[in-house]
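Residue-level listing of the chains:
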Amino acid sequence: MAACCLLICHATHVFGQGATNTNGTVPTNMVLIPKGVFQFGDPEPSPGQEALAPVHTVTLDAYYIDKYEVTKVLWDEVANWARTNGYEIESGIDDGPSDPRIASARGPNYPVRSVSWYQAVKWCNARSEKDGRTPVYRLGTNVYRTGVGIPTCNFGADGYRLPTEAEWENACSAGSQAQRNGELDAIARHSGTTHENK
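Predicted model only: the values in this text are computed from it and were never measured.

1. Topic: the pattern of salt bridges
Pairing is possible between side chains that carry opposite charge, provided their charged atoms lie close to one another.
Here is step 1 of the chain: Applying the stated rule across the entire model yields 5 salt bridges.
Here is step 2 of the chain: In this structure, K72 engages D76 in a salt bridge whose closest nitrogen and oxygen atoms are separated by 2.5 Å. Highlighted residues: K72 and D76, both in helix 1 (residues 72–83), separated by 4 residues, approximately one helical turn. With respect to burial, K72 and D76 carry one shared label: buried.
Here is step 3 of the chain: The residue E129 makes a salt bridge to R145 at a minimum N-O spacing of 2.9 Å. Here R145 lies in the loop between strand 7 (142–143) and strand 8 (152–153) and E129 lies in helix 2 (residues 117–130), a separation of 16 residues in the sequence.
Here is step 4 of the chain: Residue class for E129 comes out partly exposed when judged on its relative accessible area of 26%.

Structure follows, in structure tokens:
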């Protein structure tokens, strides 16, 4: 089960140069990350992370990414729709208010957590279909809705997907070339912080 946050990307090239969706608006609660070049990798990787070295230049097309992690209320809204439309998706975990480590237990606007990668990509497909977009993930010729398999990713589809590692790192850098863009407590959720999405 993934304990990290879930952010969703949406490619802009399907919208054309205006960087808007098909009805002329920016996708709700998403921000545009402009096309550009950035330095990707780690000059001093931790043991087991040697694949991140050396630092190298990466060019990315523009894309949208959620401003906030997917909240429990949004996860459940899409998951409920998905289950009535042929998907196998679990509701976000809610261990109740007795466990302060579970952010989703603190309110509906906290990030969903403890969902697998397989659940996350099926959820992206369901959100795409729910919003009238083309699902990104497929198993063979079928939209990935059930089971556990390694789907292909159609980057040309107009649906939602998980960010690539390079997109994630680029978005997190906020245009900085530094290893971190601020003090850890101010820029990241971790076991010592709790922040509600507003």
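2. Describing the sheet that holds strand 6 (residues 137–139)
Here is step 1 of the chain: Spatial strand order, 7-6-8: 3 strands in an open sheet with antiparallel pairing. Whereas interior strands pair on both sides, the edge strands pair on one side only; in this sheet they are strand 7 and strand 8.
Here is step 2 of the chain: Where strand 6 meets strand 8, 2 bridges bridge the pair, whose relative direction is antiparallel. From the neighbouring strand, R138 faces strand 8, where its bridge partner is T152.

3. Regarding the state of the cysteines
Here is step 1 of the chain: The full count for this structure, using the stated rule, is 0 disulfides.
Here is step 2 of the chain: In this model C153 remains outside any disulfide bridge; the closest cysteine sulfur is found in C124, 9.1 Å from its own.
Here is step 3 of the chain: For C153, a relative accessible area of 29% translates into the label partly exposed.

4. Details of the nonpolar core
Here is step 1 of the chain: Formed by V70, W75, V78, A79, A82, Y87, I89, V112, V115, W123, A126 and V143, the largest nonpolar core amounts to 12 residues.
Here is step 2 of the chain: Counting residues per element, the ones that place at least two in this core are helix 1 and helix 2.
Here is step 3 of the chain: Sort the elements by how many residues they give to this core and helix 1 lands first, with 4 residues.
Here is step 4 of the chain: Discounting residues that sit within four places of it in the chain, I89 has contacts with W75, A79, A82, R83, Q119, K122, W123 and A126.

5. Topic: the packing of aromatic side chains
Here is step 1 of the chain: What the rule picks out here adds up to 3 aromatic pairs.
Here is step 2 of the chain: Each ring, one from W75 and one from W123, has its centre 5.2 Å from the other, and the planes form 5 degrees; the classification is stacked. Of this pair, W75 sits in helix 1 while W123 sits in helix 2, and the two are 48 residues apart along the sequence.
Here is step 3 of the chain: For W75, a relative accessible area of 0% puts it in the buried group.
Here is step 4 of the chain: You can call W123 buried: its relative accessible area is 0%.
Here is step 5 of the chain: When the centroid spacing of 5.5 Å and the interplanar angle of 80 degrees are considered together, the rings of W117 and Y118 count as edge-to-face.
Here is step 6 of the chain: Take Y118: its relative accessible area is 26%, and that puts it in the partly exposed class.

6. Some words on the packing of helix 1 against helix 2
Here is step 1 of the chain: Interaxial distance between helix 1 and helix 2 falls to 9 Å at its minimum, and their mutual angle equals 75 degrees. As summarised for this structure, helix 1 and helix 2 are arranged roughly perpendicular, according to the angle between their axes. Only Q119, A120, W123, A126, R127, E129 and K130 of helix 2 make contact with helix 1, whose side of the interface consists of L74, W75, E77, V78, A79, W81 and A82.
Here is step 2 of the chain: Residues that form the contact of helix 1 with helix 2 fall into these classes: 9 nonpolar, 1 polar and 4 charged.

So, how was this worked out
- Residues numbered from 1 in each chain as written.
- Predicted model: local features only at pLDDT ≥ 70, side-chain atom pairs only at ≥ 80, totals over all residues.
- Heavy atoms only, no water.
- Salt bridge = Lys/Arg side-chain N within 4 Å of Asp/Glu carboxyl O.
- Helix = DSSP H or I, 4+ residues; strand = E, 2+ residues; numbered from the N terminus.
- Buried < 20%, exposed > 50% of the residue type's maximum accessible area, 1.4 Å probe, protein only.
- Pairing = 2+ DSSP bridges.
- Disulfide = S-S within 2.5 Å.
- Core = buried A, V, L, I, M, F, W, Y, C linked by side-chain atoms within 4.5 Å.
- Contact = heavy atoms within 4.5 Å.
- Phe/Tyr/Trp six-rings, centres within 6.5 Å; stacked < 30°, edge-to-face > 60°.
- Axes fitted to C-alpha atoms, helices over the stretch in contact; angles between N-to-C directions.
- Parallel < 35°, antiparallel > 145°, perpendicular 65-115°, else oblique.
- Nonpolar A, V, L, I, M, F, W, Y, C, P; charged D, E, K, R; others polar.

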